[in-house]
Amino acid sequence: MAKDEREFLQCVRAGISGYLLREASAAEVLQAVQAVSSGEAVCPGTLCAALFRYFESDAAGLPCVSGRRRLGLSRRELQIIPLIAQGLTNKEIATHFSLSEQTVKNHLYRMKHKIGAEDRLEIVQLYRTQVS
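Please read these numbers as outputs of a predicted model, since none were measured by experiment. (Residues numbered from 1 in each chain as written. Predicted model: local features only at pLDDT ≥ 70, side-chain atom pairs only at ≥ 80, totals over all residues. Heavy atoms only, no water.)

**Q** Just to check I follow, could you spell out the pattern of salt bridges for this structure?
**A** Side chains that differ in sign of charge can pair as their charged atoms come close. A complete count under the given rule lists two salt bridges for this structure. Arg-110 is the partner of Glu-77 in a salt bridge, and the nearest nitrogen-oxygen pair spans 3.9 Å. One end of the pair, Glu-77, is in helix H5 (residues 75–85); the other, Arg-110, is in helix H7 (residues 101–115), and 33 residues separate them in sequence. The exposure class of Arg-110 is partly exposed, given its relative accessible area of 38%. Across the salt bridge formed by Lys-114 and Glu-77, the nearest N and O atoms sit 2.8 Å from each other. With Lys-114 in helix H7 and Glu-77 in helix H5, the pair connects residues that are 37 residues apart, well separated along the chain. The structure contains a network of salt bridges with shared partners spanning Glu-77, Arg-110 and Lys-114. (Salt bridge = Lys/Arg side-chain N within 4 Å of Asp/Glu carboxyl O. Helix = DSSP H or I, 4+ residues; strand = E, 2+ residues; numbered from the N terminus. Buried < 20%, exposed > 50% of the residue type's maximum accessible area, 1.4 Å probe, protein only.)

Shown next as structure tokens:
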């Protein structure tokens, strides 16, 4: 891809896991494909700074910052909430994050106790009322 910061940030917002510049060698492409298939993210260092600036400028409005402060949830627990809201099963959430299904169950158990929720739906509802 081109070294265009706006294009790169649009791709990040679209959910990419890897981004290489046009001049990447065949070895770099192979290495990137292997990294992404292992669950890693790939980003040229020159564009990482753009990503950091983007999140820094928007940090005050990020739900995970205020949600963590208000509800005491970990970063991973906050990442799970939108997937619960989409109706994903524990197994699907586990696959999404490359975790075991038991780990997801443990997160849900801790989340319910931290915020006083009875079930998955109430986790999402309480989160939405606290963050908005």
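Right, picking up where we left off after that structure.
**Q** How should I be thinking about the packing of helix H6 (residues 90–97) against H7 in this particular structure?
**A** Running from N to C, H6 and H7 point in directions that differ by 110°, and their axes come no closer than 8 Å. Relative to H7, H6 is oriented roughly perpendicular. Every residue of H7 that contacts H6 at Asn-90, Lys-91, Ile-93 and Ala-94 is listed here: Glu-101, Val-104, Lys-105 and Leu-108. Broken down by class, the residue content of the contact of H6 with H7 amounts to four nonpolar, one polar and three charged. (Axes fitted to C-alpha atoms, helices over the stretch in contact; angles between N-to-C directions. Parallel < 35°, antiparallel > 145°, perpendicular 65-115°, else oblique. Contact = heavy atoms within 4.5 Å. Nonpolar A, V, L, I, M, F, W, Y, C, P; charged D, E, K, R; others polar.)

**Q** What is the right way to read helix H8 (residues 120–131) from this model?
**A** The terminal C-alpha atoms of H8 lie 17 Å apart, and with 12 residues this matches the ideal 16 Å at 1.5 Å per residue to within 8%. Within H8, the full set of buried residues consists of Ile-123, Val-124 and Tyr-127. Looking straight down H8, one finds its buried side chains confined to an arc of 95°; they lie on one side. In H8, the exposed residues that point more than 90 degrees away from the buried face are Leu-121 and Thr-129. (Expected span 1.5 Å × (residues − 1). Arc of directions from axis to C-beta.)

**Q** Is there a simple way to explain unusual backbone geometry in this structure?
**A** The phi torsion of most residues other than glycine is negative, and most of the peptide bonds are trans. Phi is positive for Ser-98, close to 55°, though the residue is something other than glycine. Take Ser-98: it is sitting in the loop between H6 and H7. Residue classification places Ser-98 among the exposed positions, given a relative accessible area of 58%.

**Q** What is the right way to look at helix H2 (residues 26–37) in this model?
**A** The periodicity of an α-helix, 3.6 residues per turn, causes residues three or four positions apart to be oriented the same way. Compared with the 16 Å implied by 1.5 Å per residue over 12 residues, the 17 Å span of H2 between its first and last C-alpha is a close match. Gly-39 lies just past H2 and shows a positive phi near 95°.

**Q** Before we go on, may I ask you to explain the confidence of the model for the chain in this structure?
**A** The pLDDT averaged across the chain works out to 84; a share of 86% of its residues lies at or above 70. Low pLDDT, under 50, characterises residues 60–68; the predicted model gives this stretch 16 contacts beyond four residues in sequence or across chains. (pLDDT = per-residue confidence, 0-100.)

**Q** What should I look at first to understand the nonpolar core in this one?
**A** Within soluble globular proteins, side chains that are nonpolar tend to cluster in buried spots. In terms of nonpolar packing, the biggest core is built from 19 residues, with Leu-73, Ile-81, Ile-84, Ile-93, Leu-108, Met-111 and Ile-123 touching the most fellow members. The element that contributes the greatest number of residues to this core is H5, accounting for five residues. Dropping the residues within four chain positions of it, Ile-81 is found in contact with Leu-73, Met-111, Ile-123, Val-124 and Tyr-127. Of all hydrophobic cores here, the second largest spans seven residues; its members include Leu-9, Cys-11, Leu-21 and Leu-47. (Core = buried A, V, L, I, M, F, W, Y, C linked by side-chain atoms within 4.5 Å.)

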